[in-house]
Each structure stands twice: as structure tokens, then as C-alpha cells.
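An overview of the molecular structure
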Amino acid sequence: MSKAGTNQRGEMPDPIIKVRDLWKVYQSGRVSVQALRGVNLDVPLGEFLSIVGPSGSGKSTLFHIVGGMTPPTSGEVWVGGRNLSDVGDGGRTELRRTTVGFVFQKFNLLPNLTARDNIRTALHISGQPTSVFSKDFLDILDLLGIAGRLDHKPSEMSGGEQQRVAIARALATRPAILLADEPTGNLDSANSLAVLKLMRDLNERLGQTILMITHNDEAAQYGHRIVHMRDGVIVESSLTSGH
Amino acid sequence: MIFRLVLENVRHRPVRTMLSVLLIAVPVTLILALIGLSNGFLEDSRKRSAGVGADILFKAPGGSLMTFSTGALPQKIVDVLMTEPHVVQATGTLVQPIGGFDSINGIDIEAFGKMSGGFVYAEGHGFQTPDDVLVDTWYAQQRKVHAGGKINLLNRDWNVAGIVEPGKLAHLFAPLSSMQDILGSTGKVSQVFLKLDDPKNADKVAAALKVKYADYGIWSISEMQALISVDSIPLLKNFINVILGIGVIIGFAVVSLSMYMAVLQRTREIGILKSMGATKSFIMSMIMAEAFCLGFGGTVAGILFSYASRTAMHAIAPASLPQAIVYAWWPIAGAVAMGAALLGAVYPGMMAVRQDPIEALAHE
């Protein structure tokens, strides 16, 4: 993957995420809230996409639908070749287990387990061997700089370390897509910078497709492309300065 | 990995875990202590019956094995029974319950001693006055009495003439004539023990006596030993069933509440697991595995507490409350605790399974 969105012959492959006329309506009592209103989006394999927008713009809802956390109201959402409009709860669970990995603002590590056991839990859930980490994954741990912190619990780690463990856990199952929801929102500027660089490295070195939600315009610049959302629709899509 | 998750969850909240285990242990202890008491009492009865040295027990018409009708037989029947074939010794005793499982037995000490081989005295001596009683070492320990001391029974002060080794008929003995006077049963006995020329004749002689004394209660000692069981004590089986039911209810309620709290406390963790693709069965297995651990812990604690209960009962009332450890009931008590624990985890487990991952992750 020399450049996001094209294969080695320079052709545009099928997008790994394809969204067509996506609507999401939440019912709150008698009030209907249209969180997404006809969103269309393509994310090619290997792209690092930043989604920005104010609170209530629908970016988190889009994130949750693409991640299989909630079903769409209408429209089509293809993720890794699977149409999420056609699958039920079991299908979305399967998607989370095999195709996407999540990184959250609040790290969301299992607090009682060590970093190693957090990672092993993800491997166990995805049905992969848990006793020994693969060579590729050990390289990722080295890249993330947490190989020496695996036997520590989250409470014994800094925020930056916790987020790097969360990234490692999300990547342990080798998901096609890494979904990051405000991954630097709880970090100081130094750790934020480190995490963003790591994500860019993961994208460049491993070709990892990344979809990142952020409020921070500076953080958004680490992606290849920035999608701006407002009031449930995509209002702008632009390549970042480096692309 | 589920085991690791469960283990860490259990370890992470030690107070909740300990309280749950202790509460689940309560019904297990109740069941084992009750069964232990029943069996201990019955085993003690068996040993003491055997300690009489008789081959046949003879009771009044309609008499049952585990109940006594004071002075229901004329004492002269002892002499009559002595004339029966193969009978070489006969002695009548008058039994009077004195509360709880205890009774005082009026005996003809010479005839009883001849049949049983005589008392072994730890302290003192046999009857010397009509106000003398003998107590066995367990009862002496329970009442803290010694030879030469006084004891009030049946509204009368008795002299403790001797302390005897346990295992012969009862824990308390008084002269037969004194008991007959006190109870207004002059010339009466409750039961007659018969010793035969050969114990092998017991069944044959008992059968012959049953024909001759049709309505009387007649058992060979081996038959009697077999009949001394939970079923022969009126309502005991029902009582045990009630305790088992209470055990199930307590275990169910405790685990249900405990797991309900655990699910609430772990809402976010459940959301995290769901975000990783944990299936409903994975989440349910985790909750059930934790309930299983609590149930198992409660069972082990309950078994240990039953030993503590036995020690306490032996220290407080060794004669009245002999508690046995009945290994055969460990799996039953365990099954009650585990079954109740697993049942109690079903609803919290369903709650966890149904949690929306987005809401669960937003839970603070």
C-alpha cells in the first residue's frame, strides 16, 4: 500500500467501509431524533480517516454503526464485505469479534486484569490462541513500547500506557479496521502526540485501516483524509496537508 | 480465560465475595448440622442399645421403637418372659424423658449389670441410696457434675453416686424402684430387655414372641438397629426437607442479589467485553462461572462450619447433641448450594446479556 486508497497497480480497490444513504433515528419518548440523515461514505483499505465535527453532529453514531455496536435505521453499511443492514445482533457481534477493533477515549481496559490478560481476553473472544503472542504481534508491542509493561494492571500504568495497551488489545486479533473514538481525549499533549504518531506508524507500516473520531483539528491532520460532519450529514471531505 | 476473568473479578471485590460465600455457607451448615445431629443421635442410640447386651427388646402393645410410654408394662412380665425358651436373662427399665433428647432410665442395677457386663466407673460407685443416680461421662461434662455432687431432675435433688463410661442404654440412670415411686408407676416398666442363650436365636425367638404376644412391640436387637433411622423419628424427614428448601431459598436469594450487584458494578466491563465481540453465551458463562465459584466456596465453607458446629455442640452438650459428620450429605448440601447459586445467577446473567454495549460503555 503505497498510498491510501490505491493498490500497488494504482487502482482503487473496493472500499472496506461503504456507507450509502445511512439514516439513524433514535426514539426518545415521543420525540424522534435524527442522528444521521443520509450519510454516504467510502473508506478504502489502508486509509487513515479522521472524522471531525461538533457534539451532536452524528460522528459517534456513525462510528457505532460502522463498529457494529448499533443497527442502522435505514440505508446500507458494508464493512469488510458484510452488509450490516442485513445482519442481526449475532452478526454485529461477529463483526466486532473478527473485523473491527475499538480504541476509546477512556481506554476501557478491564481493570482487574493485567495488560497481558486484557490482550489475551480479546484473543480468547475472537477464538485465537492466547498462550503465546505471534511474532507479528510482538513487533506491534515493541512499536507501541509496552512490551515491558504487560504484567501490570491498568491502575499501575499512566494514561498514555493504558491507551497504548488499548491499541495493542484492539490490534491483537488483527482486525481489518481500527476504530478510535477520541483516542487522545484523556491524554496530555505529550502522550496525545505519541499515540497519534503510533497510529500513523501502524497505518504506514502495517497498512492498518483506521477510522478516528476527534474534536481536535490538529489530531485530525494525522489522517490521510478528514471528513467533517454537522447535523447528521457529511458536509466536507478533504485530504490532509501531507496527502 | 473465562476462569481467569472470574477469578480476578472474585478477587477484586473480596468483601462482596466473602459475604456471599458466608451467606451461601449458612444453609449448607444448617443442612449438614441437622443431618449430623440426626445421624449422631441415631448412631448414639444404636451404640447405647447394643451396649445393653440384650438380644431382644420387648415393649407394650402399640409401642414404637423411638417413643416411650412410661410404665406401660407390668413388671411381673419380666418374670414371665424369663420362662420363654432360650431366654436366660430379662430386665425391665422405666424410661422418663427429661427434655430435649434426654431421658432418665430406672434400672435394676444388678440385673442390668449382669446383662450389660456392668458399668465402668470413671468416678464414684453404684447406687447406695434411693436418691442416687449414675450419669455417664458425657452427661457429667455437659452438666459439669462429679461423683458426690447433686443434680436436680424431675423436681428432685439426686446424689450423683458415680460417673460411668458411656455407651450403655442411656446417659442417666436411677434405681428402678425410685423411678417407679416418683412417676407413680409402682410395679410398672417401659420396656424389657431379653438376653438369649445364643444371639443366633434372636430372630427365631423374636418371631415366636410376636406370635404369642401379638400386639406387643418386639424387635431383635439387630432388627432394632436397622430400624433406628431418620424415617423412624416422626416428622424428622419432613423437617429435613423444610431445611433443604430453606437452603435453596437462601442460596438463591444471596447469589441473585450478589450477582445482581456484580452485574450493576460491572456494567462498563460488560460493555467492554461486548465491544470486543463477546457473545451472549460468553457473558452468561462468565456470570454463571462466578456463581459457581461462590456456590463452591459456600459449600466448602459450610462443610468447615459443620465441623465447627460439631466441636461447639460437643463442648456444650456432648450427651444431648451428638453431631456426626455425614460425608454422604456433602454432595447433597453442595448440590443444593450450587443449584441455588446457579439459579440465582440466571436473572442477573440475562440482565448482563441484554445490556446495550453503547449504554454499558457510557456507564460511569
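Just so it is clear, the structure is predicted and the values come from calculations on it, not from any experiment.

**Points about the overall build of chain A**
Helix and strand counts for chain A stand at seven helices and 10 strands. For a compact globule of 243 residues, the expected C-alpha radius of gyration is about 18 Å, and chain A comes in at 18 Å, within 12% of that figure. In terms of overall dimensions, chain A has a C-alpha envelope of 50 × 45 × 35 Å along the principal axes. In chain A, which comprises 243 residues, the share counted as buried stands at 48%.

**Structural notes on the overall build of chain B**
When helices and strands are tallied, chain B shows 13 helices and 12 strands. On C-alpha atoms alone, chain B measures out to a radius of gyration of 29 Å, which is more than a quarter above the 21 Å that the 2.2 N^0.38 rule sets for 364 residues. Counting only C-alpha atoms and orienting by the principal axes, one finds that chain B spans roughly 90 × 45 × 30 Å. Here chain B holds 364 residues, and the buried ones make up 46% of them. Here the contacts in chain B between residues at least 6 apart in sequence split such that 83% fall between residues at least 24 apart.

**Some words on the pairing of strand β3 (residues 48-52) of chain A**
Most of β3 of chain A sits out of view: five of its five residues are buried. Side-chain alternation along β3 of chain A places Phe48, Ser50 and Val52 of chain A on one buried face and Leu49 and Ile51 of chain A on a second face that is also buried.

**Considering the nonpolar core**
The biggest cluster of nonpolar side chains holds 116 residues, and the ones touching the most others in it are Ala168 of chain A together with Val255 and Ala341 of chain B. Of all the elements, helix α2 (residues 14-51) of chain B adds the most residues to this core, at 13 residues. One finds Val78, Phe127, Leu134 and Val160 of chain B within the second-largest nonpolar core, a separate group that totals 49 residues.

**Looking at the domain arrangement of chain B**
Residue and element names in this part refer to chain B. When cut into domains, chain B gives domain 1 (2-43 + 235-362) and domain 2 (67-196). Between domain 1 and domain 2, the C-alpha centre-to-centre distance is 47 Å. The interface is formed by five residues belonging to domain 1 together with nine residues belonging to domain 2. Classifying every residue of the side of domain 1 that touches domain 2 gives four nonpolar, one polar and no charged.

**Observations regarding the sheet that holds strand β6 (residues 100-103) of chain A**
Residues and elements named next belong to chain A. Taken together, six strands build an open sheet; the order of strands is β6-β7-β8-β3-β9-β10 and the sheet is mixed. At either end of the open sheet lies a strand with only one pairing partner, and these are β6 and β10 (233-239). Taken pair by pair, the neighbouring strands of this sheet meet at an average axis angle of 20°, ignoring direction. When strand β9 (residues 225-230) meets β10, the two strands line up antiparallel, connected through six bridges. Residue pairing for β10: Met229 is matched across the bridge by Ile234.

**Quick word on helix α1 (residues 59-66) of chain A**
Residues and elements named next belong to chain A. Extensive coverage of α1 is indicated by the burial of seven of its eight residues. Buried within α1 we find Lys59, Thr61, Leu62, Phe63, His64, Ile65 and Val66. Immediately downstream of α1, the backbone of Gly68 shows phi near 75°, a positive value.

**Thoughts on the pairing of strand β7 (residues 177-181) of chain A**
Along any regular strand, the residues point their side chains to alternate faces of the sheet. Residue and element names in this part refer to chain A. When you tally the buried positions in β7, you get five out of five residues, the bulk of the element. Where burial is concerned, the two faces of β7 agree: the one with Ile177, Leu179 and Asp181 and the one with Leu178 and Ala180 are both buried. Sheet topology places β6 next to β7; four bridges connect them, and they run parallel. Looking across to β7, one finds that Val100 is bridged to Ile177. Remark: the β7/helix α6 (residues 189-206)/strand β8 (residues 209-214) crossover connection has right-handed handedness.

**Focus: the interface of chain A and chain B**
Taken together, the contact pairs 19 residues of chain A with 17 residues of chain B. Breaking the side of chain A that touches chain B down by element, the ones donating at least two residues are α2 (89-98) and α3 (115-125) of chain A. With six residues, α3 of chain A is the largest single contributor of residues to the side of chain A that touches chain B. Its residues placed into classes, the side of chain A that touches chain B shows six nonpolar, nine polar and four charged.

**A few points about the environment of Tyr307 of chain B**
In this fold, Tyr307 of chain B is placed in helix α11 (residues 280-316). Once the C-alpha coordinates of Tyr307 of chain B and Gly162 of chain B are considered, the two residues, 145 residues apart in sequence, prove to be 31 Å apart.

**As for the sheet that holds strand β1 (residues 17-28) of chain A**
Residue and element names in this part refer to chain A. Pairing is antiparallel across the open sheet formed by four strands, whose spatial order is β2-β1-β4-β5. Of all the strands in the sheet, just β2 (31-43) and β5 (82-83) have a single pairing partner and so form its edges. Pairing of strand β4 (residues 74-79) with β5, which is carried by two bridges, proceeds in the antiparallel orientation. Within β5, the residue paired with Trp78 across the bridge is Asn83.

**As for the environment of Tyr121 of chain B**
All names here are of chain B. Following the sequence through the fold, Tyr121 ends up in strand β5 (residues 121-124). Residue Tyr121 is classed as partly exposed on the basis of its 15 C-beta neighbours within 10 Å. Not counting chain neighbours up to four residues away, the residues in contact with Tyr121 comprise Gly162, Ile163 and Val164.

**Points about the confidence of the model for chain B**
Per-residue confidence for chain B gives a mean pLDDT of 88; residues scoring 70 or more make up 96%. The ipTM value of the predicted complex is 0.90, and its pTM value is 0.77.

**Quick word on the environment of Leu81 of chain B**
All names here are of chain B. Structurally, Leu81 can be placed in helix α3 (residues 77-82). Classification of Leu81 as buried rests on a count of 21 C-beta atoms within 10 Å. In this structure the C-alpha to C-alpha distance between Leu81 and Leu209, which are 128 residues apart in sequence, comes to 9.2 Å. Not counting residues within four places of it along the chain, the set of residues in contact with Leu81 comprises Phe58, Val87, Ala90, Val192 and Leu194.

**Notes on the packing of α2 of chain B against α11 of chain B**
All names here are of chain B. At a closest axis distance of 7 Å, the pairing of α2 and α11 adopts a crossing angle of 45°. Considering the angle they form, α2 stands oblique to α11. Relative to α11, the crossing made by α2 is right-handed. Residues Ser20, Val21, Leu22, Ile24, Ala25, Val28, Thr29, Leu32, Ala33 and Gly36 of α2 form the contact with α11, whose own contacting residues are Leu294, Gly295, Gly297, Gly298, Thr299, Ala301, Gly302, Ile303, Phe305, Ser306, Ser309 and Arg310. By residue class, the composition of the contact of α2 with α11 is 11 nonpolar, 10 polar and one charged.

Thresholds, definitions, all that
Residues numbered from 1 in each chain as written. Chains lettered and ligands numbered in written order. Predicted model: local features only at pLDDT ≥ 70, side-chain atom pairs only at ≥ 80, totals over all residues. Helix = DSSP H or I, 4+ residues; strand = E, 2+ residues; numbered from the N terminus. Rg over C-alpha atoms; globule rule 2.2 N^0.38 Å. Buried ≥ 20, exposed ≤ 12 C-beta atoms within 10 Å, placed from the backbone. Contact = placed C-beta atoms within 7 Å. Core = buried A, V, L, I, M, F, W, Y, C linked by C-beta atoms within 7 Å. Domains from an automatic or database assignment. Nonpolar A, V, L, I, M, F, W, Y, C, P; charged D, E, K, R; others polar. Pairing = 2+ DSSP bridges. Axes fitted to C-alpha atoms, helices over the stretch in contact; angles between N-to-C directions. Right-handed = clockwise from strand over helix to strand, strands pointing away. pLDDT = per-residue confidence, 0-100. Parallel < 35°, antiparallel > 145°, perpendicular 65-115°, else oblique. Left-handed = near helix turned anticlockwise from the far one by under 90°.

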